[in-house]
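# A structural walkthrough
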Amino acid sequence: MSDRVVLAYSGGLDTSVAIGWIGEATGAEVIAVAVDVGQGGEDLETIRQRALDCGAVEAYVADARDEFAEEYCMPALKANGMYMDAYPLVSAVSRPVIVKHLVKAAKQFGATTVAHGCTGKGNDQVRFEVGIQTLGPELKCIAPVRDLALTREKAIAYAEKNDLPIVTTKKNPFSIDQNVWGRAVETGFLEDIWNGPTKDVYDYTDDPTFPPPADELVISFREGVPVAIDNKPVTALQAIQELNRRAGAQGVGRIDIVEDRLVGIKSREIYEAPGAMTLIAAHRELENVTIEREQARFKKTVDQRWTELVYDGQWFSPLKKSLDVFVDDTQKYVNGDIRMELHAGRATVTGRRSDTGLYDFNLATYDEGDSFDQSNARGFIELFGMSSKVASQREQRLAGEN
């Protein structure tokens, strides 16, 4: 029996050509694995059939949308995952669930190698291969674009020569990766960082310059996870999808940044994440209401480290797992409702309520019913400023001696 290679298959030109290309270069049989993480586009059965028509000996498709939303997007939400304070880990959180299905398929079909379509310049090659070697240490990895010099020109020529069932003439000027958590766009004229994005860059969001009337909604959370929108129960996937639609219609969630890639270069990236950005804004505000001050301060440090680990492809690492435990513990009381107004590119919190919050009206009010004992403040200030006062007295004493 010849060797078998599991290929992460998208249905596009590069991975369709890679089926035959890998076979010719390695002599191995190719099993194509397509994972649906809410990227939309073609029907999975169409993609599966194309893989078989391009020479795959097996084609495996997985509907991982609910799994992705619940087990990958929701942990990112609990950790307020925003790389460089701007990017909600759109591609980074999808790679580990794809890796999980690739390794599962490799074991199921007796493959020795896993292949992916990443280049040698991006973050995704690291995310795929670190994940694969963590979940399947016995597996080898190859990347046809990187390792077998499969250029786009070669891919088009190969597809035409072998009459593969794939469109080869239409070239999208952008490199696009999308899933239910968001959409990432790069390359083309965007590589000149002085160039502003044109309208054709966007798909998940409408132009915020000409918005429809404001859209007000209430998101209900339980232990840091959305469970209802406007009192209608939702799954994690449904929450993201509805907010993608409603916030996207208002142009919410457009991001344009120069990003520090793991491989050491800076890259200009355009993202659209209307659902993710709306949920993170709501979640952060509910944490402000429900998490104790010192815990909240420390959680910001944990959130940033968690985000960096996930961005860097360390989803399955021991440290990431340990941080998950801390983050989950902080979410115990993150319950309640956040009212938001979506309008003209902004998702604005306008109201919050929680039965497990730490906001005490009687302590906060300056009006009748105030239960805060202001006489405690004088002694508190004296002790709070004591160390600075003593240090200042020393400086003044020594300055006087000189």
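On a predicted model such as this, the values are computed, not experimentally measured, just so you know. (Residues numbered from 1 in each chain as written. Predicted model: local features only at pLDDT ≥ 70, side-chain atom pairs only at ≥ 80, totals over all residues. Heavy atoms only, no water.)

## Looking at empty space enclosed by the protein
Throughout the structure, instances matching the rule amount to two cavities of 30 Å³ or more. If you add up the space inside the largest cavity, you get close to 50 Å³. Lining the largest cavity, in full, are A92, P96, R127, G131, V310, G313, Q314, W315 and F316. Of the residues contributing to the lining of the largest cavity, the split by class is five nonpolar, three polar and one charged. Size it by volume and the second largest cavity reaches roughly 30 Å³. Looking at the second largest cavity, the residues that line it are L7, D14, T15, A18, H116, G117, P144, V145 and L150. Every element with two or more residues in the lining of the second largest cavity is listed here: α1 (13-26) and α6 (144-147). (1 Å grid on protein atoms, 1.4 Å probe; cavity = no way out; pocket = protein on both sides within 12 Å on 5 of 7 lines; lining within 4 Å. Points joined across faces, edges and corners; volume = space filled by probe spheres on them. Nonpolar A, V, L, I, M, F, W, Y, C, P; charged D, E, K, R; others polar. Helix = DSSP H or I, 4+ residues; strand = E, 2+ residues; numbered from the N terminus.)

## Considerations on the pattern of salt bridges
In a structure, side chains of opposite charge can pair up when their charged atoms sit close to one another. Inspection of every chain in the model, using the stated rule, returns 31 salt bridges. A salt bridge links D256 to R268; its shortest N-O distance comes to 2.8 Å. Here D256 is found in strand β11 (residues 254-260), whereas its partner R268 is found in strand β12 (residues 266-272), with 12 residues between them in sequence. Taking the shortest distance from any N to any O, the salt bridge between R352 and E285 comes out at 2.9 Å. (Salt bridge = Lys/Arg side-chain N within 4 Å of Asp/Glu carboxyl O.)

## Some thoughts on α1
In this model, α1 (14 residues) spans 20 Å end to end at C-alpha, consistent with the 20 Å of a helix rising 1.5 Å per residue. The sharpest bend along α1 reaches about 35 degrees and sits at I19. Residues L13, T15, S16, V17, A18, I19, G20, W21 and I22 constitute the buried set of α1. At the C-terminal side of α1, G27 shows a positive phi close to 75 degrees. (Expected span 1.5 Å × (residues − 1). Bend = angle between axes of the 7 residues up to and from the residue. Buried < 20%, exposed > 50% of the residue type's maximum accessible area, 1.4 Å probe, protein only.)

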